Amino acid sequence: MTKSPDIFSHEFFLPYSALTVGGRVKMDWLLNIFQDAASTQCHNMGVSGFDMARKQLKWVVVQYRIQIHQPIDWMMPLVLKTWRSPWKNLYEIRHYTLHAQGPSAQENDPPVVSATSVWILIKAANNRPVRLSPNMPPDLMQCEPEPTELLKSAPDITRVDHECTFPVHFLDLDLNQHVNNRVYIRWAIESLPGQLNFEYNPVTCDVVYQKEALANDTVQSCVSMESSGSRLTTNHVIIRQSSQERLAHLTLTWEKIATGSLFQSRHDL
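Residues numbered from 1 in each chain as written. Predicted model: local features only at pLDDT ≥ 70, side-chain atom pairs only at ≥ 80, totals over all residues. Heavy atoms only, no water.

> Would you mind showing me how to read the overall build of the protein chain here?
Per the secondary structure count, the protein chain includes four helices and 13 strands. Taking all 269 residues of the protein chain together, 47% fall into the buried category. In the protein chain, 70% of the contacts between residues at least 6 apart in sequence involve partners at least 24 apart. Roughly 14300 Å² of accessible area belongs to the protein chain as shown, and the carbon and sulfur atoms make up 51% of that amount. (Helix = DSSP H or I, 4+ residues; strand = E, 2+ residues; numbered from the N terminus. Buried < 20%, exposed > 50% of the residue type's maximum accessible area, 1.4 Å probe, protein only. Contact = heavy atoms within 4.5 Å. Areas by Shrake-Rupley, 256 points an atom, 1.4 Å probe, with all protein chains shown as cover.)

Now the structure itself:
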């Protein structure tokens, strides 16, 4: 791993554990590597979750936007880059890119994956947002222009084509005893009916987080679906079953998998 004042980078090979059926990358795995890289850079800057906990504060994710631009092969050499900046003294905007490495890779090649996330800092005692500037080093408070296509309110789904429920398991929880942000993506993907997960591959994912799922909760995932040619769009609302509180809204777009490639791995074991 390497670090700089502005950009943190990490070189690695795509591991076997990141793959699912047909050698496809797990969307929720991407959030794991994003969070690990961001946490490491924040630790280097002295503003990690552990640093903020000493001030009785917590980082909370508000939104994610993820785009998979092209397939990634097992053992492909990759470099993950992440950088951050504040916005309006309340939101922490963090960007991520995943680039292919190797002899044929060029410095200006487009990323194979790109993502943006939005975070806020809240008081641990009452979960209320606080301003960044009193709690961040002054040199980290250089703001970026207003981010595009972020911080929009979550739309309602107009109908429910399918729904299912999931219990919250212990291993879904993070250090704050809330369900980790990656699990909401897993719930959305797992809630597709029938064989759709075997027929389509997710290529984009937008998430708006609204409230936390907790230990012993059961959540309900309501899905509406629209198809057009080889593309499928699914809208998901994740609800706490006991109170009917909305916890998250997700929109995913999917591409049809070519016949004959569904169960074919790109590499022999």
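> What is the right way to read the pairing of strand 6 (residues 77–87) from this model?
Most of strand 6 is tucked away, with eight of its 11 residues classed as buried. Taken together, the seven bridges between strand 2 (residues 7–13) and strand 6 define a ladder with antiparallel strand orientation. Residue pairing in the sheet places H10 in a bridge with L80 of strand 6. Note: strand 6 against strand 7 (residues 91–100), 10 bridges, orientation antiparallel. Within strand 7, the residue paired with W87 across the bridge is Y91. Hairpin geometry of strand 6 and strand 7 is characterised by an intervening segment of three residues between the two adjacent antiparallel strands and by a positive phi of about 55° at K88. (Pairing = 2+ DSSP bridges.)

> So what exactly am I meant to see when it comes to the environment of I189 here?
As for its position among the elements, I189 is in helix 3 (residues 181–190). When sequence neighbours within four positions are dropped, the list of residues in contact with I189 reads M27, N197, P202, L252 and W254.

> Whenever I open this one, the side chain of D28 confuses me. Can you help?
For D28, the position within the fold is in helix 1 (residues 27–45). This buried residue, D28, is left without a salt bridge; R182 holds the nearest opposite charge, at 4.2 Å. When near neighbours in sequence (up to four residues on either side) are disregarded, D28 contacts R182, I185 and R186. (Lys, Arg positive; Asp, Glu negative; His and termini not counted. Salt bridge = Lys/Arg side-chain N within 4 Å of Asp/Glu carboxyl O.)

> Any chance you could explain the layout of surface pockets here in plain terms?
To locate leftover empty space, one rolls a probe as large as a water molecule over the atoms. A volume near 1000 Å³ is recorded for the largest pocket. If you go around the largest pocket, you meet 37 residues; those closest to its centre are W59, V60, W119, D174 and N176. Taken together, the elements giving at least two residues each to the lining of the largest pocket come down to helix 1, helix 2 (49–53), strand 5 (57–68), strand 7, strand 8 (113–123) and helix 3. Tallying contributions element by element places strand 5 first for the lining of the largest pocket, with six residues. (1 Å grid on protein atoms, 1.4 Å probe; cavity = no way out; pocket = protein on both sides within 12 Å on 5 of 7 lines; lining within 4 Å. Points joined across faces, edges and corners; volume = space filled by probe spheres on them.)

> Got a minute to help me understand the environment of L247 in this structure?
Position of L247 among the secondary structure elements: in strand 13 (residues 245–256). Here L247 falls in the buried class, since its relative accessible area comes to 0%. Considering only alpha carbons, one finds L247 and S221, 26 residues apart in sequence, at a separation of 10.0 Å. Not counting chain neighbours up to four residues away, the residues in contact with L247 comprise Y184, V208, Y209, Q210, K211, E212, A213, V219, I238, I239 and R240.

> Sorry, what's going on with the pairing of strand 11 (residues 218–228) here?
For a regular strand, side chains alternate in direction, first toward one face of the sheet and then toward the other. Relative to strand 11, strand 9 (residues 162–167) runs antiparallel, the two being bridged by six bridges. For C164, the partnering residue across the bridge sits in strand 11 and is S221. Sheet analysis places strand 11 next to strand 12 (residues 231–240), joined by 10 bridges and oriented antiparallel. Residue pairing across strands places Q220 opposite I239, the latter belonging to strand 12.

> Would you take a moment to explain the packing of aromatic side chains for this structure?
The description of an aromatic ring pair rests on the distance of the ring centres and on the angle between the ring planes. Evaluation of the coordinates by the stated rule reveals nine aromatic pairs. Relative to W74, the ring of Y16 lies with its centre 5.9 Å away and its plane at 80°, an arrangement referred to as edge-to-face. Here W74 lies in the loop between strand 5 and strand 6 and Y16 lies in the loop between strand 2 and strand 3 (19–20), a separation of 58 residues in the sequence. Relative to Y64, the ring of F34 has its centre 6.5 Å away and its plane inclined at 20°; by these criteria the two rings are stacked. (Phe/Tyr/Trp six-rings, centres within 6.5 Å; stacked < 30°, edge-to-face > 60°.)

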